[in-house]
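# What the coordinates show
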Amino acid sequence: MLRWTVHLEGGPRRVNHAAVAIGEKIYSFGGYCTGEDYETRLPIDVHVLDIISLRWKLLPVPARRNLPLSPSGDLTIPYQRYGHSAVAYKDCAYIWGGRNDTDGACNVLFMFNTVLRLWGNVETNGPIPGARDGHSACVIHKKMYIFGGYEEAIDRFSDDIYSYDFETKTWAYVRAKGTPARWRDFHTAVGIDRFMYVFGGRSDHGGNMFTNMELYCNKIQGFDTVTNTWFQPVTHGLIPTGRRSHSVFTYKKCIYIFGGYNGQHDLHFKDIFRFDTRTNKWSLVAVRGTGPCARRRQCCCKIGTKVYLFGGTSPTNLAPQDVDDAEVPLMDLSDLHVLDLEPSLKTLAKLAVLEHKLDTSCLPRDIRWELAAMTTPNVITRPINSNG
């Protein structure tokens, strides 16, 4: 039985950020926060979550201006952005795409070495995808697959697939067969074995052109990376409502969907659906504990049997008479939630201690420390002498 086990406030307040899990740490890159200045060119920020202490740390960043360039004139550190993607390969995180209000969209591939904690742009060959945001990226074997998004230069949604081979450092346009997933942005894609599965996102009645007549597809579609063929599983069970800006993770050949937003119905979600790729069955998952509020544009990463979900944006709790605009105002979030996919007896015992406020003075010191980490508000450790 899945269970929400931890809820902490005070982490990075970020929306449309991107994150990866490497080792026992989660690295969160960029995103935005309402009210902050994104018209000045800034280097992207990197927040690191230690999953043992459940504490965030902001890594040092270079000066706010004059981002370093390579000898060829390329940026070696990505500028602050949102709507980008991040994937992990070995000890490195790869950041691609996204945009900000000054520089627009980007198609430079950057690498962050988590051992050295250094940035660098990546040597690439082959046709580079057009700059975009709201795309998806996932790793299958030794390649990163990019799908969809909104391409800035040609002002349209995409249904193209590009791959990047980490070993040969080569981009390739994938000539796909079959009926592709519809043009879309802010969907999700995950890799299971040789297959990429795409779900959700925002499409448009105008096809690849944006006409402000949104579509939200709830069909899951697959792509075979060996035969380069699209396919659509015949699904059954309780199928989730179409949505965008949701979160996705995989566990034991199953795909899990959390949250997101449907603009046609102006609905934010906080449900969890599971799609079993072995049986093609959808189901609504019952989860114990107090989970996140309904939201969109959050991040989640899985390490072992635990899922770490943080940030995003959610409708405020203002009463209708307190709202001047026709739209409900949104609130950027700075919380962290942990979902345990297979809670142990020890975890359940700790939760019982917290729930019933039992005396912990007789418990071993390490257990008391773990209990404190589960309840102490988060405080971001900021670097000393940082110019960022």
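Values in this document were obtained by computation on a predicted structure and should not be read as measured data.

By secondary structure assignment, the location of S158 is in the loop between β16 (156-157) and β17 (161-165). A polar contact is formed between the side chain of S158 and the backbone nitrogen of D160, at a distance of 3.0 Å. When residues no more than four places from it in sequence are discounted, the contact partners of S158 are R132, G148, G149, E151, W183 and R184.

A separate point is the environment of V139. Along the polypeptide, V139 turns up in strand β13 (residues 136-140). Residues V139 and S163, 24 residues apart in the sequence, show an inter-C-alpha distance of 9.3 Å. Contact partners of V139, with chain neighbours within four places excluded, come to V87, A88, Y89, M144 and F166.

Right, let's get into the packing of aromatic side chains. Counted under the stated rule, the structure contains 22 aromatic pairs. Among the aromatic residues, those joined into a ring-pair cluster are Y89, Y94, W96, Y164, F166 and W171. For R81, the ring lying beneath its charged end belongs to Y79, and the centroid distance is 4.3 Å. One residue, R296, lies across the ring of Y261, its end atom 3.9 Å from the ring centre.

This part covers the confidence of the model for the protein. Looking at the protein, pLDDT values average 89 and 90% of them are 70 or higher. Residue range residues 319-326 is modelled with pLDDT below 50. Its contacts to residues more than four positions away, or to other chains, number two contacts. This model gives residues 384-388 a pLDDT under 50, and the stretch forms nine contacts once residues within four places in sequence are excluded.

Within the secondary structure, R81 sits in the loop between β5 (55-58) and β6 (85-89). The buried charged residue R81 lacks any salt bridge partner; its closest oppositely charged side chain belongs to D103, at an N-O distance of 7.4 Å. At 2.9 Å, the side chain of R81 forms a polar contact with the backbone oxygen of Y79. Only 2.9 Å separates the side chain of R81 from the backbone oxygen of G97, close enough to count as a polar contact. Discounting chain neighbours no more than four positions away, the residues touching R81 are G30, G31, I44, G97, G98, R99, N100, C106 and F110.

Let us look at the sheet that holds strand β11 (residues 118-121). Taken in spatial order, the four strands make up an open sheet running β6-β7-β10-β11, and their pairing is antiparallel. Bordering the open sheet on either side are β6 and β11, each of which pairs with just one other strand. Ignoring which end each strand starts from, the neighbouring axes of this sheet average 25° apart. Sheet topology places strand β10 (residues 110-113) next to β11; four bridges connect them, and they run antiparallel.

About the cut-offs
- Residues numbered from 1 in each chain as written.
- Predicted model: local features only at pLDDT ≥ 70, side-chain atom pairs only at ≥ 80, totals over all residues.
- Heavy atoms only, no water.
- Helix = DSSP H or I, 4+ residues; strand = E, 2+ residues; numbered from the N terminus.
- Polar contact = N/O pair within 3.5 Å; in protein donor to acceptor, adjacent residues only side chain to side chain.
- Contact = heavy atoms within 4.5 Å.
- Phe/Tyr/Trp six-rings, centres within 6.5 Å; stacked < 30°, edge-to-face > 60°.
- Lys NZ or Arg CZ within 6 Å of the ring centre and 35° of its normal.
- pLDDT = per-residue confidence, 0-100.
- Buried < 20%, exposed > 50% of the residue type's maximum accessible area, 1.4 Å probe, protein only.
- Lys, Arg positive; Asp, Glu negative; His and termini not counted.
- Salt bridge = Lys/Arg side-chain N within 4 Å of Asp/Glu carboxyl O.
- Pairing = 2+ DSSP bridges.
- Axes fitted to C-alpha atoms, helices over the stretch in contact; angles between N-to-C directions.

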